[in-house]
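Fold and geometry: a report
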Amino acid sequence: MSMFAPGNKVKVDVAILEDPSQKANHHLFQEVYKVKGTGEILRLDTGQSTKEAFKYWVKFHFFKILIDEKYLVLQSWKTEL
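Residues numbered from 1 in each chain as written. Predicted model: local features only at pLDDT ≥ 70, side-chain atom pairs only at ≥ 80, totals over all residues. Heavy atoms only, no water.

A few points about the overall build of the chain
Note the cut-off: Helix numbers and strand numbers start at the N terminus; a helix is a DSSP run of H or I with at least 4 residues, a strand a run of E with at least 2. When we talk radius of gyration, it's over C-alpha atoms, and the globule rule is simply 2.2 Å times the number of residues to the 0.38. Buried means the residue's accessible area, taken with a 1.4 Å probe over protein chains only, is under 20% of the maximum for its type, while exposed means over 50%, and partly exposed covers the values in between. A contact between two residues is defined here by any heavy atoms of the two lying within 4.5 Å. Here the Shrake-Rupley method, with its probe set to 1.4 Å, supplies the accessible areas, and only the displayed protein chains count as covering residues.
Per the secondary structure count, the chain includes one helix and five strands. Secondary structure elements of the chain occur, N-terminal to C-terminal, as β-α-β-β-β-β. Taking 12 Å as the expected radius of gyration for a compact globule of 81 residues, we find that the chain reaches 13 Å, a close match to that expectation. In terms of overall dimensions, the chain has a C-alpha envelope of 45 × 30 × 20 Å along the principal axes. Looking at the chain as a whole, 31% of its 81 residues are labelled buried. For the chain, restricting intrachain contacts to residue pairs at least 6 apart in sequence, the fraction spanning at least 24 positions comes to 52%. Counting only carbon and sulfur atoms, one obtains 55% of the accessible surface of the chain, whose full area is about 5900 Å².

Written out as structure tokens, the structure is:
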């Protein structure tokens, strides 16, 4: 069962910066992490997902990218009084 739904706001986990398989996009993820950027889940990619790993198309401010679920953290909304 997938963890995220379209429209969910997410952040990237710092572990994505340490994964050698993500080296090609390292600069993008580094910038998103540095500015604490929030992305939006666009959709689950059923063609590239497996039973063990779900992959999502996520839209950040300046790009869209396919990301493994293990590198996404649901954005918590806190209200201050």
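Quick word on the sheet that holds strand 1 (residues 9-12)
For clarity, the threshold we go by: What makes two strands pair is DSSP finding at least two bridges between them. Angular values range over 0 to 180 degrees, each being the angle between N-to-C directions of two axes fitted as lines to C-alpha atoms, with helices fitted over their stretch in contact.
In spatial order, the strands read 4-3-2-1-5; together these five strands make up an open sheet with antiparallel pairing. Strands at the two margins of the open sheet, each flanked by one partner only, are strand 4 (64-68) and strand 5 (72-74). Averaged over all neighbouring strand pairs, the angle between strand axes comes to 50 degrees, with direction disregarded. Where strand 1 lies against strand 2 (residues 39-44), two bridges are found, and the strand directions are antiparallel. Residue pairing in the sheet places Val10 in a bridge with Gly39 of strand 2.

Overview of the nonpolar core
Just so we agree on the cut-off: Put simply, buried Ala, Val, Leu, Ile, Met, Phe, Trp, Tyr and Cys residues joined by side-chain atoms within 4.5 Å make one nonpolar core.
Counting 16 residues, the largest nonpolar core has Val12, Ile41, Tyr56, Val58, Phe60, Ile67 and Leu72 as its most contacted members. For this core, the elements supplying multiple residues, two or more each, are strand 1, helix 1 (26-34), strand 3 (55-59) and strand 4.

Thoughts on the pattern of salt bridges
Put simply, the test is: Every case where a carboxyl oxygen of Asp or Glu lies within 4 Å of a side-chain nitrogen of Lys or Arg is listed as a salt bridge.
All told, the structure shown has two salt bridges when counted by the stated rule. Linking Glu40 and Lys9 is a salt bridge whose minimum nitrogen-to-oxygen distance equals 3.3 Å. With Glu40 in strand 2 and Lys9 in strand 1, the pair connects residues that are 31 residues apart, well separated along the chain. By relative accessible area, which is 30% here, Glu40 ends up partly exposed. Put simply, Glu31 and Lys34 hold a salt bridge, and the shortest N to O gap is 3.3 Å. With Glu31 and Lys34 both in helix 1 and three residues apart, the pair spans about one turn of that helix.

Let's talk about the side chain of Asp45
Worth spelling out the cut-off: Here the positive residues are Lys and Arg and the negative ones are Asp and Glu; neither His nor the chain ends is included. For this analysis, a polar contact is any N or O atom pair within 3.5 Å, provided that within protein one partner can donate a hydrogen and the other can accept it, and provided that sequence-adjacent residues contribute only side-chain to side-chain pairs.
For Asp45, the location among the structural elements is in the loop between strand 2 and strand 3. Here Asp45 sits buried without a salt bridge, and the closest side chain of opposite charge, Arg43, lies 4.2 Å off (N-O distance). At 2.9 Å, the side chain of Asp45 forms a polar contact with the side chain of Trp57. Not counting residues up to four positions away in its chain, the partners in contact with Asp45 are Lys55, Tyr56, Trp57 and Leu66.

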